[in-house]
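# Structure at a glance
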Amino acid sequence: MRSNIVTEAGLPTRINQWWGSIPFITSGVVIVCSVIYLICLLFGYDSFYEICFLPSQVVSHFQVYRFYTSVLFHGSLLHVVFNMLAFVPLGSELERIMGSVRLLYLIILLSTTNAIAHLIVALLVDHNPIHPYAYFMNECSIGFSGVIFSLIVIETSLSGAQSRSVFGLFNVPSKLYPWILLVLFQLLASNVSFLGHMCGILSGFAYTFGLFNYLLPPPSFYASIESSSALSFCIRRPRFILCTGGTTYGQLPTYSSGTGTTQPRSLLPDNLWRNMSSWIPQRGTSVVQEGQDPRFPGRGRTLGSARNQSSTTDSDSNLQERLLDDTAPTRAPTDLRDVRNPTVNTVEVDGSVLTNQGSDSFEEELKKLVAMGFEKTQAEVALAAADGEPSVAIEILMSQQG
């Protein structure tokens, strides 16, 4: 009887641990899509014709809202469950790398570009002089799967793997992996939008090739959002990941400043992002490194205090490396130091090397929490989220156990 009780108690605990490991924006997308589906189910709403992506309605009535409503609504329970289960590992990994605000902006950007690509292809097919085909103009598409296909392309490119496994059955080259999934889902599932998924793949490749560089704001834009007083409640959540990490990671392009003689100017002026940033109320200053790799941004780091940010940058980098052990991080080619060394940890800020002076006190507080009976990894995360305050960390740990 005792073993049965332990087994029954293990499943809720594992579910809580799994859900607690999902970062802020990824879990937020899951909650929003699930709540929208439940509301539609409870109120019997099934008029998806009004909210789906329908190219003919977008063109004739300029219903741009369909770009985004079609992403959030789902047609069935299996539809929303499969999409969210596929999104969670992708979104979690990318959010830990990019940061929460940057991932949210990427999802909005991909939703927009997927819809525009879908619309353009549907118009070209419908108006081609050889054989006009109006099916895609009248196809009603809903679901988050288009964005998921874009994230698959980005994550595959970011991982650097030469091959990927398809459902654990066989391996294919990484560049063909999204296309293999596209064909398999088209063959195995019914009512699947081939054009919606294909446009998601095209948008993902366009992002990885740097075609969206000029649509991406500079790091100061994300820093201004993270320092906003209006969003301080969200930003101080334990699973929120800041975008202003110091370690460059990956090979994907991001913001392009448009300076220099060989780079074209941005489609969106630099002062536009600055003006947008100035409208956001600030709660403090945020440190943004000017000397980091201008391509794919630094790995996101957990929340730290703005007043102590300059003195805790190195310890945050060390902690983030330990928290992301399961993602097989890649070191930047310009930084060959082992940032996992718990005793000597240095980072570069504007060309200068800072020695980690706060690691000793952090380790001492961590040992105290472990001695109190808390699990080391959870205690480490709680202590970082509490900005080194042991009393606050204990409250976080007790709330998690409760």
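Residues numbered from 1 in each chain as written. Predicted model: local features only at pLDDT ≥ 70, side-chain atom pairs only at ≥ 80, totals over all residues. Heavy atoms only, no water.

Another aspect to go through is the overall build of the protein. What the protein contains, in helices and strands, is 16 helices and six strands. Taken over 402 residues, the protein has a buried fraction of 46%. Pairs at least 24 residues apart make up 69% of the contacts formed inside the protein by residues separated by at least 6 positions. If you sum the accessible surface of the protein, you get close to 21300 Å²; carbon and sulfur atoms cover 63% of it. (Helix = DSSP H or I, 4+ residues; strand = E, 2+ residues; numbered from the N terminus. Buried < 20%, exposed > 50% of the residue type's maximum accessible area, 1.4 Å probe, protein only. Contact = heavy atoms within 4.5 Å. Areas by Shrake-Rupley, 256 points an atom, 1.4 Å probe, with all protein chains shown as cover.)

A word on the packing of aromatic side chains. Tallying each qualifying case throughout the model produces 16 aromatic pairs. Each ring, one from Phe149 and one from Phe185, has its centre 6.2 Å from the other, and the planes form 80°; the classification is edge-to-face. Residue Phe149 is located in helix α7 (residues 145–159), and its partner Phe185 is located in helix α8 (residues 177–188); the two are separated by 36 residues in the primary sequence. Seen from the ring of Tyr177, Arg164 lies directly overhead, with NZ or CZ sitting 5.3 Å from the centre. (Phe/Tyr/Trp six-rings, centres within 6.5 Å; stacked < 30°, edge-to-face > 60°. Lys NZ or Arg CZ within 6 Å of the ring centre and 35° of its normal.)

Our focus in this paragraph is the environment of Gly196. Locating Gly196 in the fold gives a position in helix α9 (residues 194–208). A relative accessible area of 16% places Gly196 in the buried class. Residues Gly196 and Phe149, 47 residues apart in the sequence, show an inter-C-alpha distance of 9.4 Å. Dropping the residues within four chain positions of it, Gly196 is found in contact with His118 and Gly146.

What follows covers the state of the cysteines. The tally for this structure, following the rule as stated, stands at one disulfide. Shown here is the disulfide that connects Cys52 with Cys140, its sulfur atoms set 1.7 Å apart. Negative torsions about the S-S bond denote left-handed disulfides, and the value of about -120° found for Cys52 with Cys140 makes this one left-handed. Here Cys52, found in the loop between α2 (24–43) and α3 (55–61), pairs with Cys140, found in the loop between α6 (100–126) and α7; they are 88 residues apart in sequence, far enough to count as distant. On the basis of relative accessibility, which here comes to 38%, the residue Cys140 falls in the partly exposed class. (Disulfide = S-S within 2.5 Å.)

Glancing now at the pairing of strand β2 (residues 170–173). Where strand β1 (residues 163–166) meets β2, four bridges bridge the pair, whose relative direction is antiparallel. Counted as the bridge partner of Ser165 is Asn171 from β2. Linking two consecutive strands that pair antiparallel, namely β1 and β2, is a turn of three residues; a positive phi of about 55° is found at Phe167 within it. (Pairing = 2+ DSSP bridges.)

Right, let's talk about α9 for a bit. Helical geometry note: an α-helix holds 3.6 residues per turn, so side chains three or four residues apart project in the same direction. With 15 residues, α9 should reach 21 Å at 1.5 Å per residue; the first-to-last C-alpha distance of 21 Å fits that figure. Within α9, 13 of the 15 residues are buried, which leaves it mostly tucked inside the rest of the structure. (Expected span 1.5 Å × (residues − 1).)

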